[in-house]
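# A look at the structure
Listed below, chain by chain, are the residues.
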Amino acid sequence: MKPTEKGRNKVISKVMRIYSIAVIVIFWACSPQADIEVNHLRCEFQENPFGIDVVQPFLSWEISGTPRGITQKAYHILVASSMEKLNHNEGDLWDSRMVNDDSSINVAYNGTSLKSRITCYWKVKVKTNHGESGWSQPAQWRMALVDKNDWQAQWIGLDKSFPGDVLKEKTRLAARYLRKEFKNEKKATKATLYISGLGLYEAFINGKRIGDQVLAPTPTDYSKSVKYNTFDITDFLAVGDNTIGVTLGNGRFFNMRTIEDNSYPPLPPTQNYGFPKMILQMEIDYDDGSRQTLVSDDSWKITADGPILANNEYDGEEYDARKEMPGWDNPGFNDTRWMPAELVEAPKGTLQAQLNANIKIMETLSPETVTEPKPGMYILDMGQNMVGWLSMKVKGKAGEKVKLRFAEVLNEDGTLYMANIRNALVTDIYTLKGEGEEYWEPSFVYHGFRYVEITGYPGIPTIDDFEGKVIYDEMETTGHFETSDNLINQIYKNAYWGIRGNYRGMPTDCPQRDERMAWLGDRATGSLGESFVFNNHNLYAKWLDDIEESQLENGSIPDVAPAYWKNYNDNMTWPAAYLIIADMLYNQYGDARPIVKHYESMKKWMKFMADNFMEDYIMPRDLYGDWCMPPESPEMIHSADPARKTDGTLLGTSFYYHMLRLLEKFAQLQDKNDESKQFSDQAILVKDAYNNRFFNKETAQYSNNTVTANLVSLCFNLVPEGYEEKVFENIVYKTQHDFNGHVSTGLVGIQWLMRGLSEYGRSDLAFQIATNRDYPSWGYMIERGATTIWELWNGDTGDPTMNSQNHVMLLGDLIVWFYEYLGAIQNAPGNCGFKKIEMHPYDVDGLTYVTASYHSTHGLIKSAWKKSEDSFEWNITVPANSKAVISIPAKDKKQITESGKKVSATQGIKFLRNETGRVVFEVGSGDYEFKVKLINTNFDRVRVLNYSAVSYLSVLDFK
Ligand code: BGC
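Rules and cut-offs
Residue numbering note: each chain is counted from 1, following its sequence as written. Owing to the predicted nature of the model, reporting of local features is limited to residues with pLDDT of at least 70; listing and counting of side-chain atom pairs is limited to 80 or more, with chain, interface and lining totals taken over all residues. Note that water and hydrogens are dropped before the side-chain values are worked out from all heavy atoms of the structure. One requirement defines pairing of two strands: DSSP has to find at least two bridges between them. A helix here means a DSSP run of H or I that spans at least four residues, while a strand means a run of E at least two residues long, and both kinds are numbered starting from the N terminus. The axes used here are C-alpha line fits, helices contributing only the stretch in contact, and every angle between their N-to-C directions lies in the interval 0 to 180 degrees. Working rule for angles: under 35 degrees goes down as roughly parallel, over 145 as roughly antiparallel, 65 to 115 as roughly perpendicular, anything else as oblique. The sense of a crossing depends on the near helix, which, turned anticlockwise from the far helix by less than a right angle, makes the crossing left-handed and, turned clockwise, makes it right-handed. Note on contacts: a residue pair qualifies if any of its non-hydrogen atoms lie within 4.5 Å across the two residues. Counted as a polar contact is a pair of N or O atoms within 3.5 Å, where, for protein atoms, one must be capable of donating a hydrogen and the other of accepting one, and residues adjacent in sequence contribute only when both atoms are in side chains. Take a side-chain nitrogen of Lys or Arg and a carboxyl oxygen of Asp or Glu: if they are within 4 Å of each other, that pair is a salt bridge. To sort residues, take the accessible area from a 1.4 Å probe on protein chains only and compare it with the maximum for the residue type: under 20% means buried, over 50% means exposed, and anything in between is partly exposed. As a per-residue quantity, pLDDT reports the predictor's confidence and falls between 0 and 100. Distances are taken per atom, and a residue is near a molecule or strand as soon as one of its heavy atoms is within 4 Å of it. What sets the accessible areas is the Shrake-Rupley method with a 1.4 Å probe; for residues, cover comes only from the shown protein chains. In this count, Pro and Cys sit with the nonpolar residues alongside Ala, Val, Leu, Ile, Met, Phe, Trp and Tyr, while Asp, Glu, Lys and Arg are called charged and the others, Gly among them, polar. Each nonpolar core is a collection of buried residues, namely Ala, Val, Leu, Ile, Met, Phe, Trp, Tyr and Cys, held together in the definition by side-chain atoms within 4.5 Å. Aromatic rings from Phe, Tyr and Trp, taking only the six-membered ring of Trp, are treated as a pair when their centres fall within 6.5 Å; an angle between ring planes under 30 degrees marks them as stacked, one over 60 as edge-to-face, and anything in between as tilted. Only Lys NZ and Arg CZ are tested; either one counts as a charge over a ring when it is within 6 Å of the ring centre and within 35 degrees of the ring normal.

One open sheet holds the 3 strands; their spatial order is E1-E3-E6, and the pairing between them is antiparallel. Looking at the sheet topology across the chains shown, the edges are occupied by strand E1 (37–43) and strand E6 (107–108).

Here we take up the packing of helix H4 (residues 526–533) against helix H15 (residues 814–822). Packing of H4 against H15 leaves a shortest axis separation of 7 Å and a crossing angle of 50°. By the angle class used here, H4 and H15 are oblique. The interaxial crossing formed by H4 with H15 has left-handed handedness. Taking contact as the criterion, the partners of Leu528, Gly529, Phe532 and Val533 in H4 are, on H15, Ile815, Val816, Tyr819 and Glu820.

Right, let's get into the side chain of Lys227. Here Lys227 is to be found in strand E16 (residues 225–232). Here the side chain of Lys227 touches Gln352 through a polar contact of 2.7 Å, side chain to side chain. Discounting residues that sit within four places of it in the chain, Lys227 has contacts with Ser196, Pro217, Thr218, Thr220, Gln352, Ala353 and Gln354.

Inspection of every chain in the model, using the stated rule, returns 57 salt bridges. Its salt-bridge partner being Asp305, residue Lys323 comes within 2.8 Å of it at the nearest N-O pair. Highlighted residues: Lys323 in the loop between strand E22 (316–320) and strand E23 (339–340) and Asp305 in the loop between strand E20 (301–303) and strand E21 (308–312), separated in sequence by 18 residues. A relative accessible area of 28% means that Lys323 is categorised as partly exposed. Its salt-bridge partner being Glu873, residue Lys931 comes within 3.7 Å of it at the nearest N-O pair. Taken together, the residues span a long stretch of sequence, with Lys931 in strand E49 (residues 926–933) and Glu873 in strand E43 (residues 871–878) at a distance of 58 residues.

Between Leu198 and Gly199 the backbone carries a cis peptide bond, its omega angle lying at -10°. Examined against the element boundaries, Gly199 turns out to sit in the loop between strand E12 (188–198) and strand E13 (200–205). In this structure, the amide linkage connecting Ala561 to the following residue, Pro562, adopts the cis form with an omega of -5°. Along the polypeptide, Pro562 turns up in the loop between helix H5 (537–550) and helix H6 (577–589). The residue Asn206 is not glycine, and still its phi comes out positive at about 50°. Along the polypeptide, Asn206 turns up in the loop between E13 and strand E14 (208–209). Despite not being glycine, Asp671 has its phi angle at roughly 55°, a positive value. With respect to the helices and strands, the residue Asp671 is situated in the loop between helix H8 (648–669) and helix H9 (673–694).

On to the pairing of E12, then. Across the 11 residues that make up E12, a large majority, 9, are buried. The sheet contact formed by E12 and strand E18 (residues 277–286) spans 10 bridges and is antiparallel. Each bridged residue has a counterpart across the sheet, and for Leu198 the counterpart in E18 is Lys277. Summarising the sheet, E12 and E16 pair through 4 bridges and their orientation is antiparallel. Bridging from a neighbouring strand, Ile195 pairs with Asn229 of E16.

With that settled, consider the confidence of the model for the protein. Confidence in the prediction of the protein, expressed as mean pLDDT, is 94, and 94% of residues score 70 or more. Note that pLDDT drops below 50 for residues 939–959; the model gives that stretch 68 contacts with residues more than four away or on any other chain.

In this section: helix H12 (residues 750–759). Spacing of three or four residues puts side chains on the same side of an α-helix, whose turn is 3.6 residues. When you tally the buried positions in H12, you get 10 out of 10 residues, the bulk of the element. For H12, the complete set of buried residues consists of Ile750, Gln751, Trp752, Leu753, Met754, Arg755, Gly756, Leu757, Ser758 and Glu759. Immediately beyond the C-terminal end of H12, within one or two residues, lies Gly761, with a positive phi of roughly 90°.

The next subject is the site of the ligand. As a matter of local geometry, the ligand sits amid Asp509, Arg513, Glu515, Trp519, Asp522, Trp574, Tyr624, Trp627, Glu791, Met802, His807 and Met809. Contacts to the ligand include Asp509, whose side-chain N or O atom sits 2.7 Å from an oxygen atom. Here the ligand loses 94% of its free accessible area of 310 Å² to cover by the protein chains. Of the residues assigned to the shell around the ligand, the class counts are 6 nonpolar, 1 polar and 5 charged.

Among the nonpolar cores identified, the biggest contains 227 residues, and Trp778, Trp817, Phe818, Met839, Trp874, Ile886 and Phe930 are the most heavily contacted of them. Of all the elements, H8 adds the most residues to this core, at 11 residues. Within the second largest apolar cluster, 32 residues are counted, among which are Ala174, Ile195, Leu237 and Ile302.

Now for helix H13 (residues 763–771). Burial within H13 is extensive, with 7 of its 9 residues counted as buried. For H13, the complete set of buried residues consists of Ser763, Leu765, Ala766, Phe767, Ile769, Ala770 and Thr771. Among the structural elements, helix H3 (486–501), helix H11 (724–738), H12, helix H14 (778–783) and H15 are those in contact with the buried residues of H13.

With that out of the way, let us pick up the sheet that holds strand E39 (residues 826–827). Strands in a sheet are paired, the pairing made by backbone hydrogen bonds, and the direction either parallel or antiparallel. Strands sit in the order E39-E40-E44-E48-E47 across an open sheet of 5 strands; the sheet is mixed. The open sheet terminates on both sides in strands that have one partner only, identified here as E39 and strand E47 (909–915). Summarising the sheet, strand E40 (residues 836–839) and strand E44 (residues 883–889) pair through 4 bridges and their orientation is parallel. Paired with Glu838 across the two strands is Val885, which belongs to E44.

What follows is about the packing of aromatic side chains. On inspection of all chains with the given rule, the structure shows 58 aromatic pairs. Centre to centre, the rings of Trp122 and Trp141 are 6.3 Å apart; their planes meet at 65°, and the pair counts as edge-to-face. Note that Trp122 is positioned in strand E7 (residues 119–128) and Trp141 in strand E9 (residues 139–143), a separation of 19 residues in sequence. Consider the rings of Tyr222 and Tyr273, whose centres lie 5.0 Å apart with planes at 90°: the pair is edge-to-face. Here Tyr222, found in the loop between strand E15 (213–214) and E16, pairs with Tyr273, found in the loop between strand E17 (240–249) and E18; they are 51 residues apart in sequence, far enough to count as distant. On the basis of relative accessible area, Tyr222 is assigned to the buried category, the value being 2%. Under the relative-accessibility criterion, Tyr273 is labelled buried at 15%. The ring centre of Phe236 lies 4.6 Å from the NZ or CZ of Lys208, which sits over that ring. The side chain of Arg500 reaches across the aromatic face of Trp497, ending 4.1 Å from its centre.

The residue Thr119 is located in strand E7 in this model. Spatially, the C-alpha atoms of Thr119 and Leu711 are 51 Å apart, while their sequence positions differ by 592 residues. A distance of 2.8 Å separates polar atoms of two side chains, one belonging to Thr119 and the other to Arg142.

Let us look at the side chain of Asp320. You can see Asp320 is positioned in strand E22. Among the polar contacts listed, one links the side chain of Asp320 to the side chain of Arg322, at a separation of 2.9 Å. When near neighbours in sequence (up to four residues on either side) are disregarded, Asp320 contacts Pro307, Leu309 and Thr431.

Relative to the helices and strands, Phe204 is located in strand E13. A C-alpha to C-alpha distance of 49 Å links Phe204 and Ile70, two positions 134 residues apart in sequence. For Phe204, the contacting residues outside a window of four places in its chain are Arg209, Ile210, Thr243, Ile244, Gly245, Thr247, Trp328 and Asp329.

Have a look at this one:
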């Protein structure tokens, strides 16, 4: 039968349809799947780092695509020495070929050895279970000077004081200015600057500032290491005459205090490394392959007779605009009154390319109000306790002096409250040159402040004349956290300001008084909470180096590192941060290198402590106790009540035990099984001795039954089997009855409090502690006007001799609890780098929603739940190449839908098990929208103990 016209058309269109489907299928099967993409390439945890000296850098990337459950099967990395080569898929430095491996983070470069100065251009493609990606967009990293012989430059400066410098007590040093003119005959194809100016530098070429870093380079113990920065300065150079100028400030190189300050509390002098000095090397490459190298040497000129009359981190900066030297960093300036720079002794530390971020102005705040509590004295309120400085616009006569003084709190009469600033002068002085509108901000100091006192200002200052420059290490904000509770949100905001305000190339305790030191104890668990908020990997990896550098020959580790104060107290709790933070870097970022790098020095410290102080497996060394626990009366700093104070020997021994368990894990990670066994054997002996000495089996109490004593015992797995619940009951009883549902711990106990309470089924009590508004609590701080976190629970009434309003140590594990428990984003036990995520939302009465996100090394993780009377909705995002174990509050999986469909009917959602009040699934990457009808609202009270109970505590759970 002949087909009709209509029929024929139908057949043709059917054939065409089949054909086009076939074409699509063939195309899909044969070509890279357009949908799978590789992006966010990072080298050493940064995008396109410039000037690194790591010879086997870690490379990481993220994968994206619409299908759910994307896992990487293989990767192919190309690293080329030029963009052209990379474009031609020629990996002359490294062509990994397709490697059957599912790692998409921390893949170590494994190509030809990386030479100084080269730029490495790289890209990646991956094979996944959903097809292959195309090549990623290219990324790059630049090698700095890998070989110390690459340095031809010499350290220059003038090792002497200038008129006006004060070398004793509260030191004052004018900034040093260095300059050098040079010729650049041809157009440069590439020009690179390597520079370290100690303590701090600012560099200019032809009047233009190089880079947007401030207070650079990062601080170290300069007798051990010195960091330099690398810049691309190609665009700065003119053909013909050029000038490079560098200003040097003191930073931590020239000491802020020379003698012991015997006011209370007595403070040691700060370490002195000498007068400011600089090393600089500029390499200019030309088309014809030639290179001009310009170095710091004695052909440079120097003066200290410029506008920065004095700078001291504690005391402030003094600037006289009349002494400005217009054109000093441009060619043609008359420098006949300058002196020749001298070759000076190099700092003892080795020169290293700085990997951690420099400080930058990260935000600008406008003041909220200006008041005049006394005639001619104006007070600016920034509305926020911030760290940085004030920039100022001013008009007046030459010689008029404006004085700015900084404080965190006001007296009742509206003037500055200075008592808690102690002996820091915190004063910037600007002398006008009298030429129209002048603009000024300091170069080499910063302050911690909310209020600024302005005196000597010509005319009446308005808020428009000033800006607050907020500074901290340039690091990406990786976390977002919000709940239905405004107080929790405000606490988070205060913490955010406090954490970033105390990042200065090292995590400092406070930014305002004559201290500003990187105290080890303050950041142990804190570093973990912070790692959700900021990409702090490189900062903390650097800090571990600082700690190792501060270790004495005999193994002793101080409480402050870099050791600008020599606090070698042989204390257990503070130096423990060394191991705890190495563990954090491994867990959060999947980077085991810090563990491997510092393992020997960690062991040395532990051996030193054991050899010198341990008796019958008891470690008595403790100096600070449970530092800054809420005292019995409001004006005190430290409690004098023996019933409140936790036994130091208990703290010393429990921490020693915890460290042994960490070393056991660290040894196992490196396949050092014998050593691991030795640590484990020792740990068992310490545990026995500990329980014999401190545990009362009748009462299930440790020592004098403080919350901290019981909590650390429980959280470090020291409690004899079968007694955990009873010990926990003591924690709850004490908290509820003796402290009326309030925190009773200081810096030590607070690090495990919120998680400990939640793991044992009392997240309701944790929530109560988190949302209390009366003393002692974070809410109390906020009720009393805090915009950051205080050093003391009673920071409004406590003795001002140690009472900072911007300290983060009392946050303990609060931020960890926010993200891991309320937000439900944590590494699954035994995993690292979020390859497998555990998502277990801790619902608590009082919260109706929590929205959390965290940009992990594998990619963005999101978790947003909300609940009503009869439903629980939970939207989650799991990044590609990782998966999540999710625990949904429901009695039965039948109650649960995902994107409107029954969960059991949805592919890729694997049912794992039922738990009391929970249904547990495993999901691959992708976005999910779960909804549960009618839930058991108390689901969290009954989190069963054996379900990953104390998972975070069991440090051996890592494989
Ligand atoms: C610091 C604390 C530190 C403590 C230890 C204080 O002055 O500010 O953060 O941990 O001393 O002694």
